[in-house]
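Listed here are the chains, written in short residue letters.
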Amino acid sequence: MPVEKSVSSLNGIHYFAEGWKLVRLPGIRRYVIIPLLVNILLLGGAFIWLFHRLSQWIPQLMAHIPDWLQWLSYLLWPLSVISIVLVFSYFFSTIANLIAAPFCGLLAEQLEGRLTGKPLPDSGWVAMFKDIPRIMKREMQKLGYYLPRALGLLLLYFIPGFGQTVAPVLWFLFSAWMLSIQYCDYPFDNHKVSFQQMRHALRRHKSANMQFGALVSLFTMIPILNLAIMPVAVCGATAMWVDRYRQQNGRH
């Protein structure tokens, strides 16, 4: 009982901080290299391009605001910047996660074995390559869950004033939830837990998962730090899996 109480008191902030520590563990660092390189090349290059384009996009976006709402421009301008960076960062982090998914799953697998002292059966590089078709199918399930909801939110941006004010807030919350799903799914999927069952499990601790996802989303928008966020988030989510979900959902 005391252990359960201690675990239940750990929030998403704790697990995000744990990710930064766990990613540096000896024996784990070699599994961090490929997700780190994918993130640096894709997200780093994309952000360099974005910051060169923002000066053109923002005036074009602000030109669609009606004259009677021009007095709100001081508020809508920063919200527009935040919106573009949010959508952009999540879009490219999704592509990076799709490319690096097998290696993120391997990182989660190896870290779980390190934390529990019980390596998963059929673990390692060979098993990972054999499992790539199933891993890609799982990534498509996540995309199928994400795309209709994302498109609905993007439509809000076409509502002058109201949509441009509300959409960034809703998009940030949605991104937090989706990033929690994205990274927590790696250890769940290693144990062949269905996507639907995984979402139900995360909802039971939704506050902690939203905190975790919100921090991942925030750091994804911060230059330099965002380059390391993928393996850090995988490690933090794996620690959360071990503490909160493994006993009920793991393959023992």
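Procedures and definitions
Residues numbered from 1 in each chain as written. Predicted model: local features only at pLDDT ≥ 70, side-chain atom pairs only at ≥ 80, totals over all residues. Heavy atoms only, no water. UniProt positions renumbered as here; feature names shortened; annotations may be inferred. Helix = DSSP H or I, 4+ residues; strand = E, 2+ residues; numbered from the N terminus. Buried < 20%, exposed > 50% of the residue type's maximum accessible area, 1.4 Å probe, protein only. Contact = heavy atoms within 4.5 Å. Core = buried A, V, L, I, M, F, W, Y, C linked by side-chain atoms within 4.5 Å. Phe/Tyr/Trp six-rings, centres within 6.5 Å; stacked < 30°, edge-to-face > 60°. Lys NZ or Arg CZ within 6 Å of the ring centre and 35° of its normal. Lys, Arg positive; Asp, Glu negative; His and termini not counted. Salt bridge = Lys/Arg side-chain N within 4 Å of Asp/Glu carboxyl O.

The name given to the chain in an unreviewed UniProt entry is Sulfate transporter CysZ, with Pantoea phytobeneficialis as the source organism. The UniProt entry for the chain carries this comment under Function (unreviewed entry): "High affinity, high specificity proton-dependent sulfate transporter, which mediates sulfate uptake. Provides the sulfur source for the cysteine synthesis pathway." In its Sequence similarities (unreviewed entry) section, UniProt records this for the chain: "Belongs to the CysZ family."

Colleague: An account of the overall build of the chain is needed here, citing residue identities and associated values.
Modeller: Scanning the chain for helices and strands turns up 10 helices and zero strands. If you list the helices and strands of the chain from N to C, you get α-α-α-α-α-α-α-α-α-α. Of all 252 residues assigned to the chain, the portion counted as buried reaches 50%. Put simply, of all contacts in the chain between residues at least 6 apart along the chain, 79% involve residues at least 24 apart.

Colleague: Describe the environment of leucine 143, naming the residues involved and giving the relevant values.
Modeller: Tracing the backbone through its elements, the reader meets leucine 143 in helix α6 (residues 132-156). Leucine 143 sits in the partly exposed class, given a relative accessible area of 23%. Separated by 45 residues in sequence, leucine 143 and leucine 98 have C-alpha atoms that sit 9.5 Å apart. Leave out the neighbours within four places in its chain, and leucine 143 touches Thr94 and Pro148.

Colleague: I'd like to hear about the nonpolar core, residue by residue, with values.
Modeller: Core analysis: the biggest nonpolar cluster contains 69 residues, and Trp171, Ile181, Tyr183, Phe188, Leu202, Phe212 and Val216 have the highest contact counts within it. Sorting the residues of this core by element identifies α2 (12-22), α3 (29-62), α4 (73-116), α6, α7 (162-190), α8 (195-203), α9 (206-220) and α10 (229-249) as the ones contributing at least two each. Counting residues per element, this core draws most heavily on α4, which supplies 15 residues. Look past the residues within four positions of valine 216 in its chain and what remains in contact with it is Phe16, Leu179, Tyr183, Ile229 and Ala233.

Colleague: Describe unusual backbone geometry, naming the residues involved and giving the relevant values.
Modeller: In this structure, lysine 192 is a non-glycine residue whose phi angle is positive, near 60°. Mapped onto the fold, lysine 192 is located in the loop between α7 and α8. For lysine 192, a relative accessible area of 44% gives the class partly exposed.

Colleague: Give a description of the packing of aromatic side chains that names residues and reports values.
Modeller: Per the stated rule, a full pass over the model turns up 10 aromatic pairs. By way of ring pairs, the aromatic residues Phe16, Trp20, Phe212 and Phe219 are connected into one cluster. In this arrangement the basic side chain of arginine 149 is found over the ring face of tyrosine 145, its NZ or CZ atom lying 3.9 Å from the centre.

Colleague: Kindly report on the side chain of arginine 199, identifying the contributing residues and their values.
Modeller: Relative to the helices and strands, arginine 199 resides in helix α8. The buried charged residue arginine 199 lacks any salt bridge, with aspartate 185 as its nearest oppositely charged partner at 8.8 Å. Excluding anything up to four places from it in sequence, arginine 199 contacts Tyr145, Trp177 and Ile181.

Colleague: How would you summarise the pattern of salt bridges if you had to cite specific residues and measurements?
Modeller: For the structure on display, the rule yields eight salt bridges. Across the pair aspartate 189 and arginine 134 runs a salt bridge, and its minimum N-O distance is 2.5 Å. Separated by 55 residues along the polypeptide, aspartate 189 in helix α7 and arginine 134 in helix α6 bring together distant segments of the chain. When its relative accessible area of 7% is taken as the criterion, aspartate 189 is described as buried. Exposure remark for arginine 134: the relative accessible area of 26% places this residue in the partly exposed category. Several salt bridges converge on common partners, so that one network encompasses Asp131, Arg134, Arg138, Glu139, Lys142, Asp185 and Asp189.

Colleague: Can you break down the UniProt feature "transmembrane region" (unreviewed entry) in the chain residue by residue, with the values?
Modeller: UniProt marks residues 31-51, 71-92, 143-163 and 209-242 with the feature "transmembrane region" (unreviewed entry), using the numbering shown here. Each end of residues 31-51 is marked by a C-alpha atom, and these two atoms are 31 Å apart; helix forms 100% of the span and strand 0%. This span, residues 209-242, is 76% helix and 0% strand, and a straight line between its end C-alpha atoms measures 14 Å.

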